[in-house]
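Letter by letter, the chains look like this.
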Amino acid sequence: MYASYSGDDLGSPSLHLRPSTVEENQASGVYNTHSKRKSGETEALDELSAAWRPKKEDGSADWCSSTSLAPRLAWIRPLAAPVNFSRMADSASLQFVSPYAFEAMQKVDVARLAALSDPELRLLLPCLVRMALCAPADQSNTWAQDKKLILRLLSGVEAVNSIVALLSVDFHALEQDARKEQQLRHKAGGSNGESILVSQLQHGLTLEFEHSDPLRRLRLALSELLAIMNKVADSNGEFFLKSSELFESPVYLEEVADVLCILQAELPSLLPIIEVAEALLHVRNGEWFLCLLVANVPDSFSEVCRGLIKNGERQDEESMGGRRRTEALRQLCQMNPSQALNIRAMVVEECHLPGLGVALTLDYKPDMADEAVSPLVSYVSGLLLGTNAKVRTWFSMFIRNGQQRKRESSSVLWQMRRQLLLELVAILPRSRSTHVPNDSDMDSESSSGYSGLREEHVVKASALLRLYCALMGIAGLRPTDEEAEQLLQLMTSRPPATPAGVRFVSLSFCKLLAFPTLVSTPEQEQLMVMWLSWMIKEEEYFESAAGVSASFGEMLLLVAMYFHSNQLSAIIELVCSTLGMKIAIKPSSLSKMKTIFTQEIFTEQVVTAHAVRVAVTNNLSANITGFLPIHCIYQLLRSRAFTKHKVSIKDWIFRQLCETTTPLHTQLLPLIDVYINSILTPASKTNPEATNQPITEQEILNVFQGLAGGDGGKVRSRYTITTQLLILYYILSYEEALLANTKTLALMQKKPKSYSPALMDQIPIKHLIRQAQGLQQELGGLHSALLRLLATNYPHLCMVEDWISEEEVTGTLPLLRKMLLTSSTCKYSQTQLREAFQNVLSGGPRLLRILEHLTLLSAGDLIPYAEALTASMGLLLEDGVSRRILQTVNKLWMVLNTVMPRKLWVMTVNALQPSVKLLRQQKYTQNDLMVDPLIVLRCDSRIFRCPPLMDVTLHMLNGYLLASKAYLNAHLKETAEFERQAQTVSNLGLSGQPDTPEVTREELKNALLAAQDSAAVQILLEVQCLICCLLHQMFIADPNIAKLVHFQGYPQALLPLTVAGIPSMHICLDFIPELLAQPQLEKQIFAIQLLSHLCTQYALPKSLSVARLAISVMGTLLTVLTRAKRFAFFMPTLPCLVSFCKAFPPLFDDAMSLLVQVGQVSAADVTTKARDIDPLIARLQYLRQKPQEIPLSESKYSLCKRSAEELGGADPDVQLCYQIEATFMDIISSSTQAL
């Protein structure tokens, strides 16, 4: 190998190593591993040396001259960072490579190299000599000039001669001998036996080295180095210190370093630099040799450091090897301080050598010092408070292990603690002590014991507090008396009234709670109490002066409430949250602080009285962090302190709800929930009146003022949408909680007042929900909570079809159409809309134009036209009204339904009443329609023949049926417990009189709901359009409705419509067997007719089994029915056999047998009346056996049948016989056609 010197793209040269050819070696005059001199060849090395070697007066050549240093600069750059840390004794007196010299070598800055002193330059000679003698890769003139400067620089150094001699040996042969020796050692098991590199030594290693020629010197050093490297490889990680004369003699250290550098440079495959670095850690002066080695190969700095760190110990201060490794890496970083932080990052990445990371931080001197936080505080805080649990555990173990050893000045841990303590003391207010001031001192800020913390030190003080919390709480640091004293002094300091000052006070307070052992003496305890009193006194001033909403006053109040309610775990959680770290705090350690808070500072009565006077947080949102008054009020509500001390909190909560904005603060919903609970549930059974007052209806109406017309209003209120949604959440949650606690309230004979229906009609519920849908990200969980409450209490506002239609309304198409509107578009008033409706027959185009314009408006803009639109809907029932007008009105109605459904329904129902009721001016209310939803269907009969308006009617019917169920359920829950409790009280003196069973009320309610649903279905069955979808939804929602309707029965002519149009009719197969078992003949007939249509529509295995059962039932009834009933039963049911056989051909034989049996019974009754019956029976028997012989002309359509008059006047049995014949022929015809 040889060193080549080349320039990069930026013109700054760098050092590269590449293999050399024999020709290049001959040209350069250097012998290396792969080149030898040929006999008789001119010595290139001698020629090169003669070209620049100075001559003595006698003409002899010499490497050194007294005038050789003249061209070099006379000044010497001082060390960038003086080595002021403790070095090991074996290398304390040695000179290390300075940062200035290393940087010059890295950049190959010849001018800087020329400025080095002779001792500094001596350390870099191996690399410089190789650089001067080897053929360069850079052939530029610039490098040629720099090389001349290097040659001139080396010309005056005497040691160059010995290095050139070292470079002149045959390294190829040397490498071969070294590998042979390695093989011998491997075979011998690593014992120091016969050596190929070194023969028997006559003297000691040092003396042999002194008297040897260059080749033998290389062999001696290589043999010793290989022996150490082999022993390191076999040590299995156990550290040892090898005693070696060669590496310990102070006289020959420089020569040995030259040999070491030349060997590693010329034999890199035999001596990898990382393995050499590991070996040097096991000899004395190893860190010095390592620094010289890396300085002469500066590109290997990162590689060597990473290798040493990877092979390092997890805890470096636990062993001598770890300490030596740390010291070596520390020396390397002193030599190259620009890479110190990168090496520190490697330490953290590998989780090795924690002491090295701290030491590098202590050594680090930034160019621009950060006055706020020191590098040491930042580094240690990042390790302990970062997100990497592995790093946190690793460094915590370093702290714990370091404390177990005696205090040593050389320990990195104690150096770190001393530095942190110095930084803490440096920012303490002047003249701080544990002196407890008297009252006069309290009023004087200039008191020596209570001078304030300087503003520029507040951030640094906060960082130090958090760091000490992490060290003590996470890493288990046990502070010394001095550290504890100074920490207490800092914590009880008084910062300026700034946001940072508020933060510092909060951290100090939480640290006192987390580590109460810092307060150990009565003087310290009194100092803490005085500081807490100062906090209470100055809280309002700090909040106003600092301009922050979250101050430490709320935290004090909150902690006091937690202490009073004995919620110590909540205090621990609060402390950890404020400090930003998880600390193990024992609840028992808080007993002293609890006593101080509950008995000396904050009694419970003081807490509640103070809390209600605290101002609400203006514009409360999630953007305001920290501990706020809302946290305090929440905890006091939970502990029932307000009701216990008879303090009204209703006004404060209402004011806070009115001072909210988005994004929603996470504490608002829990506050409302606990407030509702305090309204309904007394604090104790002995005092049932100890409850909070609910928000009044007038206050609620004020929030929604400007929402004219209830659901129909547009929000033009001074309150934010957040406030309105929170009030809505309060009302709905209150009503739900009132129903849920009915039983408990009844036992206490307490019945809180519910909010009136009139109030609910004034709240635009659907409009608010729609706005909340667009603010889901800002509202957090409020939108989903409102949807849950709506689904429970107002199911008619959560219908699926409403959500689907709302998605259509809010889609892109209406937006695009609105964007196409021009500014000249005519605006129509409500009066113009009414006038257009009055002239609907003659002025249809004008009305259509107005309606089309209204379709381009948003739902909110359409609200003012709702009354005019609904009031005129009855005019659209006249003949001759355009279908397009009806469809457009339907579309507008559906749009309004997304924002004001409840009021819209009431107006529409009243507008579509029959003319008689309209003349009487009979108006229905919301409550009327929920009690009796069938009012919707008592409308003008012309609506049933108008599909667009029928669609509106069905929508309202479905909604009011759901509303009626919710209303009855709520009414039952609200009254049941109170009536039963009253019944119990009235029966206390009566024996033998049982209570009314609760199940009776439930059954009555269910019966009423079922009657409503079935009545609606029966009415709708008369209308054959737009109902199947609604009936399908009703049947799926409650299959019992389908069962009830079919047990009641309906006209047979509607069966094709219901079976084909209602997809859920297949559920009837489940109860048809039960319907067949009914004693009423008409129900059995209806069941068979229904089954025939179901078999045709759903040819399923279940249908086949039920059909076979029906045929069996028909056969059974044939034997038990009287003559009159037989005719009434079989005349409508025999045609059903055709459908059975058509759907299921396997039933052909069963159907034929039944027909023959019925024919025989009927023929026996009419033998005296109709003689042609017997031949008919014989014909049926024949065709049953040979159905394929039936003439095609005698199909269902060609069979000669009697006229209606003839059959009508015939005997019933004769008519039945003809029916049997027709059914027989139809079955045979259908089966033949199928074949």
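Treat the numbers as computed from the prediction; the structure is a model and nothing was measured.

Our next topic: helix 18 (residues 340–350). Note on helix geometry: an α-helix contains 3.6 residues per turn, so any two residues three or four positions apart are oriented the same way. Of the residues making up helix 18, those classed as buried are A340, I343, R344, M346, V347 and E350. Angularly, the buried residues of helix 18 cover 155° about the axis, an arc narrow enough to put them on a single face. Where the residues of helix 18 are buried, they touch helix 16 (301–310), helix 17 (320–335), helix 19 (354–363), helix 20 (375–385) and helix 21 (389–404).

What follows is about the layout of surface pockets. Space inside the largest pocket adds up to approximately 870 Å³. Every residue lining the largest pocket is counted, 29 residues in all, and those nearest its centre are E735, Y794, A966, Y967 and A970. Among the elements that take part in the lining of the largest pocket, helix 53 (residues 947–986) stands out by supplying eight residues, more than any other. Class assignment of the residues belonging to the lining of the largest pocket gives a composition of 14 nonpolar, nine polar and six charged.

Contact geometry for helix 17 and helix 19: axes closest at 10 Å, N-to-C directions at 30°. Considered as vectors, helix 17 and helix 19 are oriented roughly parallel to each other. In this structure, the crossing between helix 17 and helix 19 has a hand that is right-handed. Only G355, L356, A359, L360 and D363 of helix 19 make contact with helix 17, whose side of the interface consists of T326, L329, R330, C333 and Q334. Looking at side-chain class alone, the contact of helix 17 with helix 19 contains five nonpolar, three polar and two charged residues.

Secondary-structure assignment places N401 in helix 21. Look at N401 and you get buried, because its relative accessible area is 15%. Setting aside anything within four residues of it in sequence, one finds N401 in contact with Q315 and E318.

Here we take up the packing of aromatic side chains. Here the structure, examined in full by the defined rule, presents 13 aromatic pairs. Consider the rings of F1129 and F1130, whose centres lie 4.9 Å apart with planes at 85°: the pair is edge-to-face. Both residues of the pair, F1129 and F1130, count as buried. Taken together through their ring pairs, the aromatic side chains of Y675, Y730, Y734 and Y755 make up a single cluster. Here the guanidinium or amino end of K231 rests over the ring plane of F240, the centre of that ring lying 4.6 Å away.

Overall, the coordinates contain 29 salt bridges when judged by the stated rule. Of the charged contacts in the structure, one is a salt bridge between E254 and R122, with a shortest N-O distance of 3.4 Å. Remark: R122 occurs in helix 5 (residues 118–122) and E254 occurs in helix 13 (residues 253–266); sequence separation between them is 132 residues. Taking relative accessible area as the criterion, E254 reaches 35% and is therefore assigned partly exposed. Between R884 and E852 there is a salt bridge, with the nearest N and O atoms lying 3.3 Å from each other.

Moving on, we get to unusual backbone geometry. Following T662, the chain continues to P663 via a peptide bond in cis, the omega torsion being -5°. Within the fold, P663 resides in the loop between helix 34 (650–658) and helix 35 (668–680). If you check the backbone angles, N285 has positive phi at about 65° while not being a glycine. Relative to the helices and strands, N285 is located in the loop between helix 14 (273–280) and helix 15 (286–296). With a relative accessible area of 3%, N285 lands in the buried category. Here the phi dihedral of N619 falls at roughly 50°; this positive angle occurs in a residue that is not glycine. Inspection of the secondary structure assignment puts N619 in the loop between helix 31 (604–613) and helix 32 (629–638).

Reading the values: rules and limits
Residues numbered from 1 in each chain as written. Predicted model: local features only at pLDDT ≥ 70, side-chain atom pairs only at ≥ 80, totals over all residues. Heavy atoms only, no water. Buried < 20%, exposed > 50% of the residue type's maximum accessible area, 1.4 Å probe, protein only. Helix = DSSP H or I, 4+ residues; strand = E, 2+ residues; numbered from the N terminus. Arc of directions from axis to C-beta. Contact = heavy atoms within 4.5 Å. 1 Å grid on protein atoms, 1.4 Å probe; cavity = no way out; pocket = protein on both sides within 12 Å on 5 of 7 lines; lining within 4 Å. Points joined across faces, edges and corners; volume = space filled by probe spheres on them. Nonpolar A, V, L, I, M, F, W, Y, C, P; charged D, E, K, R; others polar. Axes fitted to C-alpha atoms, helices over the stretch in contact; angles between N-to-C directions. Parallel < 35°, antiparallel > 145°, perpendicular 65-115°, else oblique. Left-handed = near helix turned anticlockwise from the far one by under 90°. Phe/Tyr/Trp six-rings, centres within 6.5 Å; stacked < 30°, edge-to-face > 60°. Lys NZ or Arg CZ within 6 Å of the ring centre and 35° of its normal. Salt bridge = Lys/Arg side-chain N within 4 Å of Asp/Glu carboxyl O.

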